[in-house]
Amino acid sequence: MVDYTPAEMMSVTASRAVRKDDVCFVGIGLPSEACNLARLTHAPDLTLIYESGTLATKPTVLPLSIGDGELCETALTTVSVPEMFRYWLQGGRITVGFLGAAQLDRFGNINTTVVGDYANPKVRLPGGGGAPEIATSCGEIFIVMRQSRRGFVDKIDFVTSLGHGAGPGDRARLGVTTKGPTRLMTDLCVMEPDPETMEFTVTSIHPGVSRAEIEENTGWTVRYASDVTETPEPTRTELDALRDLKARTERAHRVPGKGEAAE
Amino acid sequence: MVDYTPAEMMSVTASRAVRKDDVCFVGIGLPSEACNLARLTHAPDLTLIYESGTLATKPTVLPLSIGDGELCETALTTVSVPEMFRYWLQGGRITVGFLGAAQLDRFGNINTTVVGDYANPKVRLPGGGGAPEIATSCGEIFIVMRQSRRGFVDKIDFVTSLGHGAGPGDRARLGVTTKGPTRLMTDLCVMEPDPETMEFTVTSIHPGVSRAEIEENTGWTVRYASDVTETPEPTRTELDALRDLKARTERAHRVPGKGEAAE
Amino acid sequence: MSEVVTLDQAVEAALRDGDMVAMEGFTHLIPHAAGHEVIRQGRKGLTLVRMTPDIVYDQLIGAGCAAKVVFSWGGNPGVGSLHRFRDAVQQGWPGPLEIEEHSHAAMANAYDAGAAGLPFAVFRGYRGAELAKVNPAIKSITCPYTGEELACVPAIAADVAIVHAQKANRDGDILFEGIVGVQKEAVLGAKRSVVTVEEVVDSFEGVGPNAVILPHWTVDYVVAVPGGAHPSYAHGYYARDNAFYKMWDEVSRDRDSFQAWIKQYVLEGGPQDFARHAVAA
Amino acid sequence: MSEVVTLDQAVEAALRDGDMVAMEGFTHLIPHAAGHEVIRQGRKGLTLVRMTPDIVYDQLIGAGCAAKVVFSWGGNPGVGSLHRFRDAVQQGWPGPLEIEEHSHAAMANAYDAGAAGLPFAVFRGYRGAELAKVNPAIKSITCPYTGEELACVPAIAADVAIVHAQKANRDGDILFEGIVGVQKEAVLGAKRSVVTVEEVVDSFEGVGPNAVILPHWTVDYVVAVPGGAHPSYAHGYYARDNAFYKMWDEVSRDRDSFQAWIKQYVLEGGPQDFARHAVAA
């Protein structure tokens, strides 16, 4: 048995969701960590796409921004941003879109725009960026996010990106033909939409996590699948790959002697 | 005094119409000859664009096709064909479009589609290609074309590309804001639209050409400006540049031992 | 996911009778070898899409493969008319040929829309042009902000795109260099695709600025056919065979000489015959 | 026609109070030096357009240059929020700030339409997304062929585009390499443009495949400002100064420390101060 943190459990679990032939539209942060871990473990030929235009990139360290030079240098090719959104995302070329959220509801609808009223916000968040169309144009959506009452809410303040709307059939009614959120991976568990209600349902719980803990960190009534399993622990290989990746990243982004004396 | 052919007179006259800062959308044949001659004489910094995507190209020989390798090798850059038509032509970046015609009327409307009825043609011509939008998107249009009754007709069988329509105001009524045909250069004379009627009017006659000769080769009633001038003869420099260009082109396109034994 | 196969396997797997097929190439990289394979396989009722149908479409039309041509300029560049195309339109030989005619701007936009997964494209075009009256596919739309009336055209989303490129790597990624035309759009917009290449290489090192790269997961079949663009050219490999274009004017003028040529060079030939053209000019 | 001048001359000639200005750069090649010049010249009432407003727009907003921001993602990448942007939106400091918010897809399409000279762009977007309810600029249109309802957005045609590139040649042609973003579209769509570059060179020899070249007649003013993208990066010249982005989070959190920073580094500085950042990391 190996030692690992809940954050590592989340990243490893998210990385396992990716299949070897997937073409992933990757966001910065947890999605990028999970996708690159997948590429370094079971899915070496995985295709990673970042919205800055880099197609089939193989960064050796995790990018800090969506447009780090490393992404371009290791890419098969780089296209303009209009082409990325037009030919590649809208063109239906992406099998999996990875999203995070500031607020998430039980149907996988996402808010990254505002807390409070749009016109008079309590907290102005960065906004949707690519997410509104990632949510509808990718074959399916994986969400990776730390579980908390603040993030997992009964009702999100603003629907930045569509999940399953208010339930079954809503995507189809809006003319959306893709699957939407099929998997939510947190530091506590894995949830998948119930095929009947489309509500997120716990299908797998991470080792050592209790149902009470999940419920304490969820702002909606938690539902469980009939056959909840225990998430397999990270393997030594996965943990080593993840820790190496993070250490390499840490070293690369610490540029000594720069930045302090600001322009 | 130098010796020259009517065809040389036409090319030299057409080349002189081009200004040194123009950005020209160039077709194969006479337009290409005139534009490259201008570049080799009074307009060395002239920008030539061919619809195959080559921007600011400086071919040493005339291309046989719109997409010869020479155009790309000598270009500042080459863009895709959709970008050429979207960003560069429709984007309003071209000052002069050069067109030829199978049939032309007195208002500069052009037919390169069919002789006879469209559904049941007597002669099926190659079609419009880029011309319909070149005619409306370029700042102005220069037409260069050998003068004949067959080509200069009272009524064209099909309007492939708009000139001045049926007369003054027609372009504006169609929402077109560019000038349209401002100059027609033939082997006999130069015509320009009369500012009142927009009909082509002879403004300059090539040396040694009679009004009768022009009229014999025109299918509409020829009108003359009040101050018709004589077109200046080609200079020694212009003729040398043109003949060198054509000789170089001839040599380059004669590839011995190829083509006969056909695949 | 690209699969490396032989040309006859690729064409057989990708193309069916009645399909809409785009064999693109703007003067450069025209997939002649693949076009010949389509003739050998005797495909019928094809809708041939291309901005600039030239010799290879003339051959397909004369050989009876086509029911319809969608195009914006149909000629033998720098030479004259396409005699087989003209014979089909004017005389219905070897069978009736429907035409759907656009401008270059319209087709370039239609390919762009196809690649972008849109059902149609909007552009400023056809003002005062009669084509809009004879082609019912040309419609107009009003800008919801300015009220300007603009032209529109359905997206080109062919059943099959067939193109020629310079290189594939071992993964099946494709590299086009030079005049790149609308090949990227044709492939991305199509349901299936066949790409013939000059050669398969280990790496795309030393690529110049006018390059288009298509990842292997956008392409279905990759086939190495050296010389496969002849008499068109492959930038960096061999030049355009201008003499062939002139020769074609003679051969294609007459139905009998055309058929004799097709028999000798296409029906009794194969993709390996193109290799001798794959030499720098 | 591009004119080579100094940065203060270029900004003064190109930009007026109340203009809509797009200073683009998708993480890469963000025109920081030019942004500082705009602050020094005290421009007011600007509409700032950018897909990803980050530090330089935070500075312009905090310095009181902006009346409105048109954007699709406003944050400090990899770090967090833009405190000056947030303070303006939430508290109206230093003045009220109007926002017009889109998605990336919408803005990318809007830039594309601007470059293409169209009044609007059509895309498949905003389905089930609430932004379409709060931004009246987002409209919809029906495909005349399929009946599908699609989103549309007005084209971005700014008064001025300000971008940073790696190189200009002696003619004033511009070369961008690496992540090219929407800079080509921003410049082609704008009425006027200012381009700062790392260096002016004799030739663009050795250009790689991810390159965009803008001919000199598409650009109004070209200025050599080595290091002018710092703390963003210039591919092939210097790396992103990630520590600066983190430092900005501290400096910008507080109005006083922000103003002290602007005074010291912008108002009392100049484009020459960027040169020391133009060293390979």
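Cut-offs applied
All residue numbers here refer to positions counted from 1 along the written sequence of the relevant chain. Written order determines the labels here, with chains lettered from A and ligands numbered from 1. Local features in a predicted model are, by the rule used here, given only for residues with pLDDT of at least 70; side-chain atom pairs are given and counted only at 80 or more, and totals for whole chains, interfaces and linings are based on all residues. To obtain the side-chain values, all non-hydrogen atoms of the structure were included, while hydrogens and water were left out. At least two bridges found by DSSP between two strands are what make those strands a pair. Labels follow the DSSP assignment, with helices taken as runs of H or I lasting at least four residues and strands as runs of E lasting at least two, numbered in each case from the N terminus. Any two residues whose heavy atoms approach within 4.5 Å at even a single point are treated as in contact. Note on method: axes are straight lines fitted to C-alpha atoms, helices fitted across the in-contact stretch only, with angles between N-to-C directions ranging 0 to 180 degrees. Summed over both partners, the accessible area (1.4 Å probe) lost when two parts come together is defined as the buried area. Definition used for salt bridges: Asp or Glu carboxyl oxygen within 4 Å of a side-chain nitrogen of Lys or Arg. Within 3.5 Å is the distance limit for a polar contact, defined as a pair of N or O atoms, with the added protein rule that one can donate a hydrogen and the other accept it, and that residues adjacent in sequence qualify only through two side-chain atoms. For this scheme, ten residues count as nonpolar: Ala, Val, Leu, Ile, Met, Phe, Trp, Tyr, Cys and Pro. Four count as charged, namely Asp, Glu, Lys and Arg, and the remainder, Gly too, count as polar. Throughout this description, buried means an accessible area under 20% of the type-specific maximum (1.4 Å probe, protein chains only), exposed means over 50%, and partly exposed covers the range between. Residues are said to line a cavity or pocket when one of their atoms sits within 4 Å of a point; the points come from a 1 Å grid over protein atoms alone, cavities being sets where a 1.4 Å probe fits but cannot get out and pockets being open sets with protein on both sides within 12 Å along at least five of seven lines. Grid points are joined across faces, edges and corners, and a volume is the space filled by probe spheres set on the points.

Topic: the sheet that holds strand β3 (residues 54-55) of chain B
Residue and element names in this part refer to chain B.
- Read across the sheet, ten strands follow the order β4-β3-β2-β1-β5-β10-β11-β12-β13-β14 without closing on themselves; strand pairing throughout is mixed. For this open sheet the edge positions go to β4 (77-78) and β14 (224-230), each flanked by a neighbour on one side alone.
- Note: strand β1 (residues 23-26) against strand β2 (residues 47-50), four bridges, orientation parallel. Bridge pairing links F25 to I49 in β2.
- Each of β1, β2, β5 (96-99) and β10 (140-144) touches helix α2 (residues 30-40); the most contacted strand, β2, lies at about 155° to it.

Some remarks on the interface of chain D and chain A
- The interface of chain D with chain A comprises 54 residues on the first partner and 48 residues on the second.
- With both sides pooled, the region where chain D packs onto chain A buries about 4600 Å², and carbon together with sulfur makes up 57% of that total.
- The partner of E101(D) in a salt bridge is R124(A), with the nearest N and O atoms 2.6 Å apart.
- Between chain D and chain A we count 20 residue pairs in polar contact (both at pLDDT 80 or more) in total.
- Elements with a minimum of two residues in the side of chain D that touches chain A: α4 (83-91), β5 (98-101), α5 (104-115), α6 (131-134), α8 (242-253) and α9 (255-267) of chain D.
- Taken together, the residues that form the side of chain D that touches chain A break down as 24 nonpolar, 19 polar and eleven charged.

Examining the side chain of E83(A)
- Along the polypeptide, E83(A) turns up in helix α4 (residues 81-90).
- Under the relative-accessibility criterion, E83(A) is labelled buried at 16%.

A look at empty space enclosed by the protein
- Applying the stated rule across the entire model yields five cavities of 30 Å³ or more.
- Each pocket or cavity is described by its volume, and for the largest cavity that value is around 780 Å³.
- Lining the largest cavity are 39 residues, with E83(A), S80(B), E83(B), K184(C) and K184(D) positioned closest to its centre.
- Listing elements by their share of the lining of the largest cavity, those giving two or more residues are β4 (75-78) and α4 of chain A, β4 and α4 (81-90) of chain B, α7 (183-189) and β12 (211-214) of chain C together with α7 (183-189) and β12 (211-214) of chain D.
- Residues that form the lining of the largest cavity fall into these classes: 17 nonpolar, twelve polar and ten charged.

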